[in-house]
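# Report on the structure
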Amino acid sequence: MELRCIHGGIQRETAYNKGMKYLPGLMVGELSGSAGNTTASRNRNGAFLRTRVMPVNPNTALQSAVRANLQGNAQNWKALTDAQRAGWTALGLLIVRSDSLGRTYTLTGLQAYISINQTLFQLGVAQVSSAPAYTSPANLLTVAVTATSV
Amino acid sequence: MAIALSLAYTTTPLAAGVKLLVEATPQMSAGISFVARSKYKYIFASAAAAASPANVLAAYNAKYGALVAGKKIFFRLTPVGSTGIRGLAQVTSVVVS
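Predicted, not measured: the structure shown is a model, and the values here were computed from it. (Residues numbered from 1 in each chain as written. Chains lettered and ligands numbered in written order. Predicted model: local features only at pLDDT ≥ 70, side-chain atom pairs only at ≥ 80, totals over all residues.)

### What about the sheet that holds strand 2 (residues 19-24) of chain B?
All names here are of chain B. Here four strands make up an open sheet; going across it, the order is 3-2-5-6 and the pairing antiparallel. Lying at the two open borders of the sheet, with one neighbouring strand each, are strand 3 (41-45) and strand 6 (90-95). Sheet twist, expressed as the mean angle between neighbouring strand axes with direction ignored, is 30 degrees. Note: strand 2 against strand 3, four bridges, orientation antiparallel. Paired with alanine 24 across the two strands is lysine 41, which belongs to strand 3. Against the sheet, helix 1 (residues 57-64) engages strand 2 and strand 3, with an angle of about 155 degrees to strand 3. (Pairing = 2+ DSSP bridges. Helix = DSSP H or I, 4+ residues; strand = E, 2+ residues; numbered from the N terminus. Axes fitted to C-alpha atoms, helices over the stretch in contact; angles between N-to-C directions. Contact = placed C-beta atoms within 7 Å.)

Structural data, given as structure tokens:
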């Protein structure tokens, strides 16, 4: 594993605290997430390690509502029939996402169930117990934003 | 010129049953060219099959406050079908004038 300070110069304790690049190799592959006080991350210039930053928790009403719905969905999953869960599992295999390292993956049945119902909740639409047929909406072709402050 | 924040998109209108989910970042320095996914917060969902443009000024003001000239805002727009399945998200940005 090659370690290199992303700010250049000699590696020092202070430089490590800001961030340290590394090249994935035989000993250490691509990393993601946190361990102890260190977070592995990646940007367009490569993979790096940095000091972990504790996230803020604004605890807004919307945030609480979303979290409560997430908790409800996780509990409701257990009440589904085997046929319903099989339907969600089949749907999950059709939904392709990419992780923070750019690798694609498909969803499990539980992930698909929660993902769809969280989106429906966000849109103010009733929750569903049975998996819908997979029909991906047409993508936007162009987007243009106008913002004026005066 | 009037205070405005609108999103124009094609194809317009959206397909039957499809809504546009709009997520945005706070206003930030115009020199920033990339923001993490976690910085995008939900601000607005259009009606189904809504026509372009989407006026998101009130929703943005409610979430992040008044627009400030010279600041940059990133948007992530995602079409969502009536079943809740998401399409491909488009990311764009604008500097407030």
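Past the structure itself, the notes keep going.
### What to know about the pairing of strand 4 (residues 38-43) of chain A
Where a strand is regular, its side chains alternate between the two sheet faces. Residue and element names in this part refer to chain A. The pairing of strand 3 (residues 33-35) with strand 4 spans three bridges and is classified as antiparallel. Across the sheet, alanine 35 pairs through a bridge with threonine 38, a residue of strand 4. Linkage of strand 3 to strand 4, two consecutive antiparallel strands, is achieved through a turn of two residues, within which glycine 36 is found at a positive phi near 60 degrees. Pairing analysis gives six bridges linking strand 4 to strand 5 (residues 46-51), with the strands arranged antiparallel. Bridging from a neighbouring strand, threonine 39 pairs with arginine 50 of strand 5. Taken together, strand 4 and the strand that follows it, strand 5, pair antiparallel across an intervening segment of two residues.

### Here's the deal with the nonpolar core
Ranked by size, the top nonpolar core spans 24 residues in total, and within it Leu7, Val22, Ala24, Val56, Phe75 and Leu77 of chain B carry the most contacts. Within the residue set of this core, elements represented by two or more residues are strand 8 (142-148) of chain A together with strand 1 (4-10), strand 2, strand 3 and strand 5 (72-80) of chain B. Among the elements that make up this core, the one with the highest residue count is strand 5 of chain B (five residues). The next biggest cluster of nonpolar side chains, apart from the first, holds nine residues, and it includes Ala112, Tyr113, Ile114 and Ala131 of chain A. (Core = buried A, V, L, I, M, F, W, Y, C linked by C-beta atoms within 7 Å. Buried ≥ 20, exposed ≤ 12 C-beta atoms within 10 Å, placed from the backbone.)

### Examining helix 3 (residues 82-92) of chain A
Residue and element names in this part refer to chain A. Taken together, the buried positions of helix 3 are occupied by Gly87, Trp88, Leu91 and Gly92. Within helix 3, the buried residues cover an arc of 135 degrees as seen down the axis, which keeps them to one side. Facing away from the buried side of helix 3 by over 90 degrees, the exposed positions are Asp82 and Ala83. Taken together, the buried residues of helix 3 touch strand 7 (104-106) and helix 4 (109-122). (Arc of directions from axis to C-beta.)

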